[in-house]
Structure formats: structure tokens, C-alpha cells
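Each chain, letter by letter, is given below.
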Amino acid sequence: MPSHSFILNGQQVTVDCEDDVRLLWVLRDLLGVTGPKYGCGLGVCKACTSHINGQAFNPCSVPVSDIKPTDQITTIEGLAATVGKELHPMQEAWLQFDVAQCGYCQPGQIMAAVALVEEVKASGGQITEAELDSLRNVCRCGTYHRIREAIRAAAAQM
């Protein structure tokens, strides 16, 4: 069986599995990292959103064979460590604005929001309504208004 290595939340990991296994299942079933949620398996709902080398991506759509040993995968479990705190500013804002209801989509929502804010800030910009509209993570509870408020608040802290 093929062996696949990559950096997960700051730690080098290696798994033995077939090349066509989607990274989401490697994370959840083989490595026990359950923050990224399974929603659609097609990269549409974005419940599994994580970061690869600092960019948002959907591990449900990526075969593990596409991941290089030097690729850095960050899930919600490793997000706070990226800022050296107990919680990332986006997680703090989520709590402050009482965003979560059922909570299922929240890891993906937070990871997508962090990637967007970091991308906008790197280009020297500020979060706009159009950029908030570009986030396409599905929330069945409909907490979009609080999500947007939390993103704006966290962006000021990032």
C-alpha cells in the first residue's frame, strides 16, 4: 500500500492508504482529525474547509496522492497554534457574536473566513461586503448575519 506524508497542524504525518482516497477521509478516519466535517463530498457545501499552505481548500475533493510531503495542512484543530494563542481571533469572534447554533458547519466557516481575511490583508485591503459575499460555505441554521459580524470583528484583530 502506498505511503503518503505531509505536515498536519505543524506535525509531519505519514499514512498508508490507496492514492485515490480523499484527504478528508485520511484526516478523519486514519488520523482522527474530525474538525473538518463531511457534508457533500463534492467541495460544494465547504463543511470540510481547511488550509493547504495557507490557502482555503476542500479536502473532500482532493486525493491524498495530490498532497506533497512539504504541504502544510491546517485544520480547525491547529488554527490557534498559527497565532500562538489558545484561540485564534476568528474563533474568539465566533464566541463573542454567538455564531454557532448546531455548529456542524462552523469549522469550515471559520477556516474559510481566516483564509479570506489573510488574503485581503496581504493585498493591503479591507474586508468588503463583496468579499463576504464570496464566502460560499453553507449554514443550514442560517446564522449568516452573525457570521459576517464575527468576520468583520476578527479582521480588525488579525
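Rules of the game
- Residues numbered from 1 in each chain as written.
- Predicted model: local features only at pLDDT ≥ 70, side-chain atom pairs only at ≥ 80, totals over all residues.
- Heavy atoms only, no water.
- Axes fitted to C-alpha atoms, helices over the stretch in contact; angles between N-to-C directions.
- Helix = DSSP H or I, 4+ residues; strand = E, 2+ residues; numbered from the N terminus.
- Parallel < 35°, antiparallel > 145°, perpendicular 65-115°, else oblique.
- Left-handed = near helix turned anticlockwise from the far one by under 90°.
- Contact = heavy atoms within 4.5 Å.
- Nonpolar A, V, L, I, M, F, W, Y, C, P; charged D, E, K, R; others polar.
- Phe/Tyr/Trp six-rings, centres within 6.5 Å; stacked < 30°, edge-to-face > 60°.
- Buried < 20%, exposed > 50% of the residue type's maximum accessible area, 1.4 Å probe, protein only.
- Pairing = 2+ DSSP bridges.

> Got a minute to help me understand the packing of helix H4 (residues 106-122) against helix H6 (residues 144-157) in this structure?
Helix-helix packing is characterised by the crossing angle of the two axes and by the distance between the axes. Two elements in contact, H4 and H6, have axes whose closest approach is 10 Å; the angle formed by their N-to-C orientations is 40°. Taken together, H4 and H6 sit at an angle that is classed as oblique. Our pair here, H4 against H6, has a crossing hand that is right-handed. Seen from H4, the contacting residues are Gln109, Ala113, Val117 and Lys121; seen from H6, they are Tyr144, Ile147, Ile151 and Ala155. Grouping the amino acids of the contact of H4 with H6 by side-chain chemistry returns six nonpolar, one polar and one charged.

> Looking at this model, I keep getting lost on the side chain of Gln109. Mind explaining?
You can see Gln109 is positioned in helix H4. What Gln109 contacts, discounting residues up to four positions off in sequence, is Trp94, Asn137, Val138, Cys139, Tyr144 and Ile147.

> How should I be thinking about the packing of aromatic side chains in this particular structure?
How two aromatic rings sit relative to each other is given by the distance of their centres and the angle of their planes. All told, the structure shown has one aromatic pair when counted by the stated rule. Aromatic pair Trp25 and Tyr38: ring centres 5.1 Å apart, planes at 40°, arrangement tilted. Placement of the pair is Trp25 in helix H1 (residues 23-30) and Tyr38 in the loop between H1 and strand E3 (50-52), with a sequence separation of 13 residues. Judged by relative accessible area, Trp25 falls into the partly exposed class, the value being 32%. On the accessibility criterion, Tyr38 (37% relative accessible area) is partly exposed.

> Can you help me understand the sheet that holds strand E1 (residues 3-8) in this one?
Two strands in a sheet stick together by hydrogen bonds in their backbones, pointing the same way (parallel) or opposite ways (antiparallel). Taking strand neighbours across the sheet as the criterion, the five strands line up as E2-E1-E5-E3-E4 in an open arrangement whose pairing is mixed. Edge positions in the sheet fall to strand E2 (11-16) and strand E4 (55-57), since each of these pairs with one other strand and no more. Going from strand to strand, the sheet's axes swing by 40° on average, the running direction of each strand aside. Here E3 pairs with E4 via three bridges, running antiparallel. Bridge assignment links Ile52 to a residue of E4, and that residue is Gln55. Lying over the sheet, H1 contacts E1, E2, E4 and strand E5 (72-74), oriented at roughly 80° with respect to E1. Along the sheet, H4 makes contact with E3, E4 and E5, crossing E3 at roughly 45°.

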